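Listed below are the residues making up each chain.
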Amino acid sequence: QKEVEQDPGPLSVPEGAIVSLNCTYSNSAFQYFMWYRQYSRKGPELLMYTYSSGNKEDGRFTAQVDKSSKYISLFIRDSQPSDSATYLCAMRGPGYSTLTFGKGTMLLVSP
Amino acid sequence: DVKVTQSSRYLVKRTGEKVFLECVQDMDHENMFWYRQDPGLGLRLIYFSYDVKMKEKGDIPEGYSVSREKKERFSLILESASTNQTSMYLCASSPGGEGADTQYFGPGTRLTVL
């Protein structure tokens, strides 16, 4: 079983839709969870950061962590064509030096 | 503004050549990382460094080496390039301590080995 699973997509939605992106993981030690966004031919950039369980909201973006199910989500409200990108989840346990990344989900938002 | 730069956006090399990929960050970050990104395989960590002259192997260090002589610069070396090292190479840096998870990535170098 891979440590982090993420559907590669592509996920195609119309502008204005609510988007749900998800990752599942197997390592119960993970406590720090991140979402990175990567536009085509660019490096990833940090979008959201959460510690342990719960929700975090930032504008149109909400990150949700369910440690009991080992499941994290990123919700995008009122999606825009400019949200079209690959979204990578990443996570880490305490004392770990490095992040474990998912393979990324490609999102396409059509006008 | 945070800045990680990589020496080349595109690079074409021949099998057996020695290849240097350079990464520079201007944020005084402690940690620096080299990844490769391939379709279907995602981001894979090659090497990282948490201090000058320190290095740690990542998940796929074979065929690569690194050098960090100055805090701001982290170099990836392919001693003898092979076609299976054709990939997108991404450098990242992060602060130490509480900010360590916030990795700032460079734009990437697309390396083709013929």
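Just so it is clear, the model here is predicted, and its values are computed rather than measured.

Trainee: Lay out the overall build of chain A in plain terms, naming residues and giving numbers.
Mentor: When its secondary structure is counted, chain A shows zero helices and eleven strands. Reading the secondary structure of chain A in the N-to-C direction produces β-β-β-β-β-β-β-β-β-β-β. Taken over the C-alpha trace, chain A has a radius of gyration of 13 Å; the compact-globule value for 111 residues is 13 Å, and the two agree within 12%. Expressed along its principal axes, the backbone C-alpha trace of chain A runs to roughly 45 × 25 × 25 Å. The buried share of chain A, taken over its 111 residues, is 43%. Look at the contacts in chain A between residues 6 or more apart in sequence, and 55% of them connect residues 24 or more apart. As presented, chain A carries roughly 5400 Å² of accessible surface, and 48% of it is formed by carbon and sulfur atoms. Distance between charge centroids for chain A: 7 Å, based on 11 positive and 10 negative side chains.

Trainee: Give me the interface of chain A and chain B: which residues, what numbers.
Mentor: Taken residue by residue, the interface counts 17 residues in chain A and 18 residues in chain B. Of the roughly 1400 Å² buried between chain A and chain B on both sides combined, carbon and sulfur atoms contribute 57%. Applying the counting criterion to the chain A and chain B interface returns zero salt bridges. Our count for the contact surface shared by chain A and chain B stands at four residue pairs in polar contact (both at pLDDT 80 or more). Put simply, the parts of the chain that give the side of chain A that touches chain B at least two residues each are strand 4 (32-38), strand 5 (45-51) and strand 9 (85-92) of chain A. Element by element, the count of residues in the side of chain A that touches chain B is highest for strand 4 of chain A, at four residues.

Trainee: So what about the pairing of strand 6 (residues 54-58) of chain A? Which residues, and what values?
Mentor: Along a regular strand, successive side chains alternate from one face of the sheet to the other. Residue and element names in this part refer to chain A. Across five bridges, the pairing between strand 6 and strand 7 (residues 61-66) is antiparallel. Following the sheet pairing, Gly 54 is matched in strand 7 by Val 65. The hairpin formed by strand 6 and strand 7 contains two residues between the paired strands, and Gly 59 there has a positive phi angle of roughly 65 degrees.

Trainee: Describe the state of the cysteines, naming the residues involved and giving the relevant values.
Mentor: Residue and element names in this part refer to chain A. With the rule as written, the count across this model stands at two disulfides over all chains. The disulfide bridge from Cys 23 ends at Cys 89, spanning 2.0 Å between sulfur atoms. Since a negative S-S torsion denotes a left-handed disulfide, the Cys 23-Cys 89 link at about -100 degrees is left-handed. Of this pair, Cys 23 sits in strand 3 (residues 19-25) while Cys 89 sits in strand 9, and the two are 66 residues apart along the sequence.

Trainee: Describe the sheet that holds strand 7 (residues 64-70) of chain B, with residues and values.
Mentor: Residue and element names in this part refer to chain B. Spatially, four strands are ordered 1-3-8-7 in an open sheet, and the strand pairing comes out antiparallel. If you trace the sheet from one side to the other, it starts and ends with strand 1 (4-6) and strand 7, each paired once. Averaged over all pairs of adjacent strands, the angle between strand axes in this sheet comes to 20 degrees, irrespective of strand direction.

Trainee: Just give me the short version of the layout of surface pockets, but keep the residues and values in it.
Mentor: The volume enclosed by the largest pocket comes to roughly 600 Å³. If you trace the largest pocket, you find 26 residues lining it, with Gln 38, Thr 86 and Met 106 of chain A together with Gln 37 and Pro 39 of chain B closest to the centre. Within the residue set of the lining of the largest pocket, elements represented by two or more residues are strand 9 and strand 11 (105-110) of chain A together with strand 4 (31-38) and strand 9 (87-94) of chain B. In terms of residues, the lining of the largest pocket owes the most to one element, strand 11 of chain A, which gives four residues. Classifying every residue of the lining of the largest pocket by side-chain character gives nine nonpolar, twelve polar and five charged. Counted as a void, the second largest pocket has a volume near 420 Å³. Lining the second largest pocket are 20 residues, with Glu 3, Thr 100 and Phe 101 of chain A together with Leu 43 and Asp 59 of chain B positioned closest to its centre. Sorting the residues of the lining of the second largest pocket by element identifies strand 10 (100-101) of chain A together with strand 5 (42-49) of chain B as the ones contributing at least two each.

What counts as what
- Residues numbered from 1 in each chain as written.
- Chains lettered and ligands numbered in written order.
- Predicted model: local features only at pLDDT ≥ 70, side-chain atom pairs only at ≥ 80, totals over all residues.
- Heavy atoms only, no water.
- Helix = DSSP H or I, 4+ residues; strand = E, 2+ residues; numbered from the N terminus.
- Rg over C-alpha atoms; globule rule 2.2 N^0.38 Å.
- Buried < 20%, exposed > 50% of the residue type's maximum accessible area, 1.4 Å probe, protein only.
- Contact = heavy atoms within 4.5 Å.
- Areas by Shrake-Rupley, 256 points an atom, 1.4 Å probe, with all protein chains shown as cover.
- Lys, Arg positive; Asp, Glu negative; His and termini not counted.
- Charge placed at Lys NZ, Arg CZ, Asp CG, Glu CD.
- Buried area = accessible area lost by both parts, 1.4 Å probe.
- Salt bridge = Lys/Arg side-chain N within 4 Å of Asp/Glu carboxyl O.
- Polar contact = N/O pair within 3.5 Å; in protein donor to acceptor, adjacent residues only side chain to side chain.
- Pairing = 2+ DSSP bridges.
- Disulfide = S-S within 2.5 Å.
- Axes fitted to C-alpha atoms, helices over the stretch in contact; angles between N-to-C directions.
- 1 Å grid on protein atoms, 1.4 Å probe; cavity = no way out; pocket = protein on both sides within 12 Å on 5 of 7 lines; lining within 4 Å.
- Points joined across faces, edges and corners; volume = space filled by probe spheres on them.
- Nonpolar A, V, L, I, M, F, W, Y, C, P; charged D, E, K, R; others polar.

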